[in-house]
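# Close look at the chain arrangement
Letter by letter, the chains look like this.
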Amino acid sequence: MVQATPFFLVLFLALGAHSLAVKKCSLAGHWVNDLGSNMTIQTVNAKTGIFAGSYHTAVTATTQEIKVSPLQGAMQKSPNQKGQPTFGFTVNWSFSDSITVFTGQCFVDDDGNEVLKTMWLLRSHVTDIKNDWKATRVGINVFTRQQ
Ligand code: BTN
């Protein structure tokens, strides 16, 4: 028992130091993706994981003038996320009839940089059910924090 006490003390301190040293990925802030699109995510609600923000896309599938558009999303709050949470958000384009859903995970890479690895579905509006087959695009985007 006398020998066990310092062992557990060292173990406790080592685990504590480890959890202090491991960087967490935080969604809030300014992000830019591989297309040059800019995204701002406001505060993530600590209890619910719900967040809002804005999205300035660099590209469009339409001929419309691009405008900054609102986004709403949720971050997974389960305790198993280990500082690299999964999330999803929807961008409701303010200049087109389309809507995009993104899903992804917030990672800390080997250099300690935060990166959002996402996949998206862009749903365009079509006038007829016969055109449904061509209404959805799919892709990936990688976001890094804007410096
Ligand atoms: C539209 O063209 O109807 C709205 C803009 C869509 C932009 C898409 S969403 C997925 C991809 N990632 C971006 O940053 N922009 C494009």
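- By the naming in an unreviewed UniProt entry, the protein chain is Avidin, taken from Rhipidura dahli.
- The UniProt entry for the protein chain carries the following text under Subcellular location (unreviewed entry): "Secreted".
- Under the UniProt heading Function (unreviewed entry), the note attached to the protein chain is "Forms a strong non-covalent specific complex with biotin."

### A short note on the state of the cysteines
- Counted by the stated rule, this structure contains 1 disulfide.
- In this model Cys25 forms its disulfide with Cys106; the gap between the sulfur atoms is 1.8 Å. An S-S torsion of about -75 degrees defines the bridge between Cys25 and Cys106 as left-handed. With a gap of 81 residues between them, Cys25 in the loop between α1 (4-21) and β1 (29-33) and Cys106 in strand β6 (residues 99-108) connect regions that are remote in the sequence.

### A short note on the environment of Ile50
- Looking at the secondary structure, you find Ile50 in strand β3 (residues 50-56).
- Separated by 39 residues in the primary sequence, Ile50 and Phe89 place their C-alpha atoms 9.4 Å from one another.
- Sequence-distant contacts of Ile50, that is, excluding residues within four places in its chain, are made with Thr43, Val44, Asn45, Gly73 and Ala74.

### Things to note about the sheet that holds strand β8 (residues 136-145)
- Sheet architecture is closed into a barrel: 8 strands sit in the order β1-β2-β3-β4-β5-β6-β7-β8, paired in antiparallel fashion. Between one strand axis and the next, the sheet turns by 30 degrees as a mean value, whatever way the strands run.
- As paired strands, strand β4 (residues 69-75) and strand β5 (residues 86-92) are joined by 5 bridges and run antiparallel to one another. For Ala74, the partnering residue across the bridge sits in β5 and is Gly88.

### Structural notes on the confidence of the model for the protein chain
- Averaged over all residues, the pLDDT of the protein chain is 91; the fraction at 70 or higher stands at 86%.
- Note on residues 7-15: pLDDT is under 50 here. Beyond four places in sequence and across chains, it has 0 contacts.

### Things to note about the nonpolar core
- By size, the foremost hydrophobic cluster in this structure holds 22 residues, and its most contacted members are Leu27, Met39, Phe51, Tyr55, Phe87, Phe89 and Leu116.
- Going through the elements one at a time, β2 (38-41), β3, β4, β5, β6 and β7 (114-123) are the ones with two or more residues in this core.
- With residues up to four places along the chain from it excluded, the contact list for Leu116 reads Cys25, Leu27, Trp31, Met39, Phe87, Gln105, Cys106, Asn141, Val142 and Phe143.

### So, the site of the ligand
- The local shell around the ligand holds 16 residues, among which Ser37, Tyr55, Thr60, Ser96 and Asn141 are the closest.
- Between Asn33 and the ligand, the recorded distance is 3.0 Å, taken from a side-chain N or O atom to an oxygen atom.
- With respect to the ligand, the side chain of Ser98 contributes an N or O atom lying 2.9 Å from an oxygen atom.
- In the complex, the protein chains occlude 97% of the 410 Å² of accessible area that the ligand would expose alone.
- The site holding the ligand turns out to be the largest pocket.
- When grouped by side-chain class, the residues that make up the shell around the ligand number 7 nonpolar, 9 polar and no charged.

Definitions and cut-offs
- Residues numbered from 1 in each chain as written.
- Predicted model: local features only at pLDDT ≥ 70, side-chain atom pairs only at ≥ 80, totals over all residues.
- Heavy atoms only, no water.
- UniProt positions renumbered as here; feature names shortened; annotations may be inferred.
- Disulfide = S-S within 2.5 Å.
- Helix = DSSP H or I, 4+ residues; strand = E, 2+ residues; numbered from the N terminus.
- Contact = heavy atoms within 4.5 Å.
- Pairing = 2+ DSSP bridges.
- Axes fitted to C-alpha atoms, helices over the stretch in contact; angles between N-to-C directions.
- pLDDT = per-residue confidence, 0-100.
- Core = buried A, V, L, I, M, F, W, Y, C linked by side-chain atoms within 4.5 Å.
- Buried < 20%, exposed > 50% of the residue type's maximum accessible area, 1.4 Å probe, protein only.
- Near = heavy atom within 4 Å.
- Polar contact = N/O pair within 3.5 Å; in protein donor to acceptor, adjacent residues only side chain to side chain.
- Areas by Shrake-Rupley, 256 points an atom, 1.4 Å probe, with all protein chains shown as cover.
- 1 Å grid on protein atoms, 1.4 Å probe; cavity = no way out; pocket = protein on both sides within 12 Å on 5 of 7 lines; lining within 4 Å.
- Sits in = over half its atoms within 2 Å of the grid points.
- Nonpolar A, V, L, I, M, F, W, Y, C, P; charged D, E, K, R; others polar.

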